[in-house]
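The chain contents come next:
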Amino acid sequence: MKITGAEFIKQFESVVPLDLAEDSDPVGLHIGTLNKPINRVMMTLDVRPDVVQEAIDKKIDLIVAKHPPIFRPVKHLLVDDFQTKMYADLLKHDIAVYAAHTNMDIVDNGLNDLFCEMLDIDATDYLRQTHEYFYRKLVVYVPTTHAESLREAFGAAGIGAYHDYDYTSFSSHGTGRFRPLEKAQPAIGENNELTSVEEEKIEVMFLPQEYPTVLSIINEYHPYEEPMFDIFPLENISKTYGIGRIGILPQPMPLLDFVEKVKQTFGLNAIRLTTDTKDKQVKTVAICGGSGEKFYKDALKKGADVYITGDVYYHTAHDMMEEGLSVIDPGHYIESVCKKYYVDLFNQWKQQNDWDVTFIESDVNTNPFEII
Ligand SMILES: [Zn+2]
């Protein structure tokens, strides 16, 4: 089955939602359009001139990138400048670019969870909370004759699921009153006559993303031309999300052995280590792929023996050492494991939905650093 870029991204965003990005992180469609058929999609960490050339050569229709290619506002779109020439080349060859950045780090089963899995870290928490979502409450008034089927439809659709319970609701009974006017087509009662109906008031909690389902169930199961219902925001938290992860190793191990494990896992010749002592055991490990030095105090607060993150700045390293936090900096490029991880996932969707699309990983190494 042929699909459009929009259809693919709809599926992608159901797994990596845009609203989980940090504020002002420019995620989403960056270049081109999603309103076109797609045959070939390429996953990349970075969009660099070499990657754009690769996309042109491989006839790519859509690039999915971890790092947003337009990070700072573009003031001039010139082909004499290497950065903006990339944008022009992408437009010229009708290659769309979509970016999923911090939302890929924050979401459950995202990149930080993948790192934990690769390093045998049993992640128990995030490092810093970034998002919290609240329940909503629906109060709907329905003739008692139709209450059972409406409640059943909510429950079957998962509306009213709360922790380890589902089909939760509360009902009370009363009288609904209305007068259908001239043009009304009432399910019960006559035009221009005051009508009263024995009604059930059903209260049920739901998640914000379930709102369309709630509306469609009311439309389908409520007999009235104008169903009466209220929706309230609640302060009950449904779920929190955060960036980075912290968890424990199956058993404590010497710091230098763990360093070796990180090197092997990511295929690195060298890593940077900051520690006040090499002679320590590590059990609790915090990690934030990419540049996570700004979360090092969260790692300390949550009891990390060692923190893995890239791009650690010289003076911050002094502070970390002074505060007794050992830090492993494996570089930012370990994030390139996202290419295989997501292409594997895209291929699962392809199989499940019988999509006629080819998904490939970018072959270009975009690591600007070499150990020589
Ligand atoms: Zn990054």
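Residues numbered from 1 in each chain as written. Predicted model: local features only at pLDDT ≥ 70, side-chain atom pairs only at ≥ 80, totals over all residues. Heavy atoms only, no water.

Would you mind going over the sheet that holds strand β2 (residues 28–31) in detail, with residue names and values included?
The strand order across the open sheet built from 5 strands is β2-β6-β5-β4-β15, with neighbouring strands paired in mixed fashion. Sheet topology places β2 and β15 (358–361) at the edges, where each strand pairs with a single neighbour. When the angles between neighbouring strand axes are averaged without regard to direction, this sheet yields 25°. The sheet contact formed by strand β5 (residues 62–65) and strand β6 (residues 96–99) spans 4 bridges and is parallel. Following the sheet pairing, valine 64 is matched in β6 by tyrosine 98. Seen against the sheet, helix α1 (residues 5–15) touches β4 (40–44), β5, β6 and β15 and runs at an angle of roughly 15° to β5. Across the sheet, helix α2 (residues 49–57) is in contact with β4, β5 and β15; its angle to β4 comes to roughly 160°. (Pairing = 2+ DSSP bridges. Helix = DSSP H or I, 4+ residues; strand = E, 2+ residues; numbered from the N terminus. Axes fitted to C-alpha atoms, helices over the stretch in contact; angles between N-to-C directions. Contact = heavy atoms within 4.5 Å.)

Go over the domain arrangement of the protein with me, naming the residues and quoting the values.
Taken domain by domain, the protein comprises domain 1 (3–104 + 336–361), domain 2 (106–130 + 242–334) and domain 3 (132–239). Summarising the inter-unit geometry, the C-alpha centres of domain 1 and domain 2 are found 28 Å apart. Contacts between domain 1 and domain 2 engage 17 residues on the former and 15 residues on the latter. Carbon and sulfur atoms supply 61% of the area buried between domain 1 and domain 2, which totals about 1,200 Å² over both sides. The three residues of domain 1 that bury the most area against domain 2 are Glu22, Val337 and Tyr341, which together make up 39% of that side's buried surface. Between the two partners, domain 1 and domain 2, sit 0 salt bridges. In this assembly, domain 1 and domain 2 are joined by 9 residue pairs in polar contact (both at pLDDT 80 or more). For the side of domain 1 that touches domain 2, the secondary structure elements donating two or more residues are α4 (102–106) and α11 (337–353). When residues of the side of domain 1 that touches domain 2 are assigned to their parent elements, the largest contribution, 5 residues, is made by α11. (Domains from an automatic or database assignment. Buried area = accessible area lost by both parts, 1.4 Å probe. Salt bridge = Lys/Arg side-chain N within 4 Å of Asp/Glu carboxyl O. Polar contact = N/O pair within 3.5 Å; in protein donor to acceptor, adjacent residues only side chain to side chain.)

Go over a nonpolar patch on the surface, please, and point to the residues and values.
Judged by side-chain polarity, Val74, Leu77 and Leu91 come together as a nonpolar surface patch covering roughly 270 Å² of accessible area. Position of leucine 77 among the secondary structure elements: in the loop between β5 and α3 (82–92). (Patch = residues over 30% accessible without salt bridge, like charges linked within 9 Å, V, L, I, M, F, W, Y side chains within 5 Å. Areas by Shrake-Rupley, 256 points an atom, 1.4 Å probe, with all protein chains shown as cover.)

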